[in-house]
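# Topology and contacts: notes
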Amino acid sequence: MDSARINHKHNVQVLAIMAQTVALLVITVLRLCVSYAEDHTALPRQRIKSPLAVSEIASPAATALPPVSSYVLNTNGQWDSAISKARSLVSKMSIEEKVNITTGMGWQEGRCLGNTPPIPRLNFTGLCLQDSPAGIRFTKGISVFPSGINTAATFDKKLMYDRAKTLGEEFRAKGVNVALTPMMNLMRSPYAGRNWEGAGEDPYLVGVVASLTVKGIQKNGVIATAKHFAGNEQETNRNSYSSYISDRAMHELYMWPFRESVEAGVGSIMCSYNKVNGTYACENDKLINGLLKGELGFRGFVQSDWSATMSTLPSANGGLDMTMPGDIQFHSGDSYYGKNLTKAVVNGLVKDSRLNDMAVRVLSTWYMAGQDKDYPETNFDSWDLVPEKFVDVQGTHAQVIRQVAAASVILLRNEQKTLPLQNIKRLGVIGDDAGANAGGPNSCEDRGCDRGTLAIGWGSGTAEFPYLVTPFDGISSRAGKQFKIIPSLDDYDYDYAAKVASEVDVALVFANADSGEEFVTVEENVGDRSHLQLWHNTEKLIKTVADVNPRTVVVVHAVGPVDMEWANHPNISAIVWAGLPGQESGNALADVLFGDVNPSGRLPYTIAKATSDYPVRIEKSKDIKYTEDLRLGYRWFESGHVDPMFEFGYGLSYTQFNYTDVTIDKKGYNVEVNVTLQNVGGVDGAEVPQLYLEFPSEADQPSKILRGFEKVFLKAGQKQTTTFNLDSKLISYWNVESQKWVVSKGDYIVHLGASIRDIRQKITFTI
Ligand code: BGC
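You'll find the protein chain entered in an unreviewed UniProt entry as beta-glucosidase, with Umbelopsis ramanniana AG given as the organism. If you open the UniProt record of the protein chain and go to Catalytic activity (unreviewed entry), you find "Hydrolysis of terminal, non-reducing beta-D-glucosyl residues with release of beta-D-glucose." UniProt, in the comment section headed Sequence similarities (unreviewed entry), describes the protein chain in these words: "Belongs to the glycosyl hydrolase 3 family."

This part takes up the overall build of the protein chain. Per the secondary structure count, the protein chain includes 19 helices and 29 strands. A compact globule built from 767 residues would reach a C-alpha radius of gyration of about 27 Å, and the protein chain, at 28 Å, matches this within 12%. Seen along its three principal axes, the alpha-carbon backbone of the protein chain occupies a region of about 110 × 65 × 45 Å. Burial analysis of the protein chain (767 residues in total) assigns 63% to the buried set. Sequence separation of 24 or more characterises 77% of the internal contacts of the protein chain that already satisfy a separation of 6 or more. Of the roughly 27,700 Å² of accessible surface on the protein chain, 51% is carried by carbon and sulfur atoms.

One open sheet accounts for 4 strands, arranged 23-22-28-29; its pairing is antiparallel. Each edge of the open sheet carries a strand with a single partner, namely strand 23 (705-709) and strand 29 (759-766). Each adjacent strand pair in this sheet contributes to an overall mean axis angle of 25 degrees, direction not counted. Two strands pair when backbone bridges link them, and strand 28 (residues 747-753) and strand 29 are joined in this way by 7 bridges, in the antiparallel orientation. Of the residues in strand 29, the one forming a bridge with tyrosine 748 is phenylalanine 765.

Here is what the cut-offs are and how they apply
Residues numbered from 1 in each chain as written. Predicted model: local features only at pLDDT ≥ 70, side-chain atom pairs only at ≥ 80, totals over all residues. Heavy atoms only, no water. UniProt positions renumbered as here; feature names shortened; annotations may be inferred. Helix = DSSP H or I, 4+ residues; strand = E, 2+ residues; numbered from the N terminus. Rg over C-alpha atoms; globule rule 2.2 N^0.38 Å. Buried < 20%, exposed > 50% of the residue type's maximum accessible area, 1.4 Å probe, protein only. Contact = heavy atoms within 4.5 Å. Areas by Shrake-Rupley, 256 points an atom, 1.4 Å probe, with all protein chains shown as cover. Pairing = 2+ DSSP bridges. Axes fitted to C-alpha atoms, helices over the stretch in contact; angles between N-to-C directions.

What follows is the structure in C-alpha cells.
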C-alpha cells in the first residue's frame, strides 16, 4: 500500500474513533440533561471551568510595578487558620450537608431574609442573612441610621467607622450572622434609584466608606457583605440588562470599592441581578473567579442577590458559593443549588473540590468572624414583628446617629450670614417635608411613599423607624421659648405659605426628592427617578415663599442631585442640603441651623446646572454601554469643561480656612504631602482638605482625581498641619495591555483644596 492509502486508512480509523467518542458524549450529555429537566425548569448550560479554590490562592506574587495582590488582606494568617478549621469540618460532611451550606432555605422559610440550615451534629448553627445598610430590616427595637450617601457626605473617617461599628452592634445583638451592607455601586447617573444607599460618584470616596463600614461592622463579629458586584447602576430592567464596562473602567472605577472591601477583610460579596459584558453577574466566571477570587484574592464567599442565580453549572463553576434566598423564584419550591447541585456533583459536572471550596469559603468566614463561639441566636422574626422574645438593641446609638446626621449636612449657600439663626423673633417652617407622615413614619411598607419628612429612601435598604424626629419637632424643641415658630405644612396651600412667609424674619422652606428599589413604585417612579425635579411641585412653593421673604432658607432632603433652577431666585439666601439623615433628622438639622454644630458636610456628587449636562440617563435598552468610560461624575464635567452648579467636594462652613505651607517628601513611590490649615473665621469648625492628583499624560486620566481627604476640626484662629500619604496604589493606573497596575513616569501635580474646583495649593513630584 502506498503511503497515501495508509494515511487515508489511518484517517478513517481516527475519524471513526472520534465519531464514537462524540456520540458517547452526546448520549451522556443528553441523559444528564434529561435528569436535570425532571426538577429543573431552565436547563443548565454546559460550561465547565476550573475555578480558583480558596486553598489555591497564593500569597501576593511580586511583579514589577505594584501588583494588585500586594494589597490583599493583611489578615492572611487568620484566614489560613480559619480555612484549616473549615476544611476539617467539611471533611466530616456528606455531599448533602455541604450543599445545604450553599443553599438558602427558601424565601420566608426562616426568620431572616436569607437562612442556611444548621448542622446540629457538627455544631454548625446555620446562618441568618439580613438587610440593610441603614438598619436591621423587618424588626423592631432597632435604629435607623443616616443613609450611605449621608455617611459619604460627612467626609469624616472616624464617623464612618463609628456609624458602622454601632450598626454592627445592633446586627450582632439581634443575632444576624451576615449583614447585607455596605452597598457600593457608584452614582453613575443621578436618576438611579438606589444611589442613596451608596456613597456617591467617586470610587476613592466610596472605597473609603466601604472599607470603614466593613471594618466597623466586622469588629462585632458580624460578617459584612459588599454589594452588588457589578455594574448594577440602575434599577430599570435589572434582571435582564447587561452593563458593558471597559476593562480599565472596571478596575479603576467599579471594582475599586470592592477591592477596598477585600483589603478590609470583607467576609462576603453579593453578585448582582444584571449581566456584565453579556454574562449574568452570578455566573460570570471572569467576574467572580477571575477578578474577585483571582485578582483580588478574595477568600470569603460570594452570595447571590435575591433570586439573581440563573443556573446550576455556570453558577457553581463560575464561582457563586451560595444561592439566596435559595429557591429559584420566591416560594417556587425548587433551587438551582440544593438537589440540582448534588446531582451535578454526583455526575461530575461540578467537581467535589469545587463543592468543598464552596463550603470551606462559607465556614472559614464563619470561623474568621468568631461565630462558632457564643454568637447570639437570632431573636427576631422578619415575618412576625411581634416575636416571643423582644430584644431592644438601640442602646445609646441615637447619639452617633445624630452626630453623623449633623456632620452630613451640606451648606450650599449662606448669604448675609442668614445662618446660623440669630436675632429673630418669628421663624416660618413651611412645607410638608418639615412635618410628620400622618400615618406614622413606617406607615408605608419598605418606606414606599413620600409623606411628611423624608429621612430614608424606599426598598430593601430601609428599616422600621423607632421614631423619626421631624424638622418641625427638632427646631421647635431647640428654639424653646426663644422665638415664635409658625408652621405651614401643606405643600399646596400657596396662599397660607405666602402669608406665613411674609410675617416672619426668616422663612425655612422644605422640599424633597425620593427614590428606591424597583419592587416598589412611588408616584410613578419605579425605583429609578423618572425626573430630577423636587417632588410635590415644591419648586412653586419655594418661589411663593421667596417672592415675599428676602431671607428664605431652602432645606432639601434628597436622594441625590435635583434640578436647581429655583436656586437662582435672589431671595434665597441660604440652601441647606440635608440628604437622608435617618431617625434623628430634625435634631441634627437644628444642631446646624442654630450653630451648635458648624456645618462640614461635602457633596459626594456633582449637581449640574441643567439636567442635560449629566452624561448618563436611565437606559431602557437591555444593552447598557458605559460609554462615558472613565469620565464618571466630576471627571465628566472637568474633562468636558462643563461648569456645574455645585461641584463635587463642595460645602460651606460658618467659618473660613486658609491653606498654606505645602511641602512634599518622596521616597520611591511613597509620597507624603503636608499642608497647613488655619481657621481664620470667628467660630470653631471643621474643614475637609481634599487631595486631587493630576497624573502624567501617559496615564491618560480624564481629569485630576480624588486621592485623599481628611476632616480637620480647628478652633477659631487655630492652625494645624495635615498629612496625606500617597503610595504606589494611589498613583498607579490600570494598564490594559499589560493587565497590571502601572505607575507611569512623569510629573504628578498634587492639587489641595476645599473641592474639586476650589484648589488652594499645588505641588509637583516626579517619578
Ligand atoms: C436587593 C439586595 C438585598 C436583597 C435582600 C435585593 O432585592 O437588591 O440589596 O440585600 O434584596 O433583601
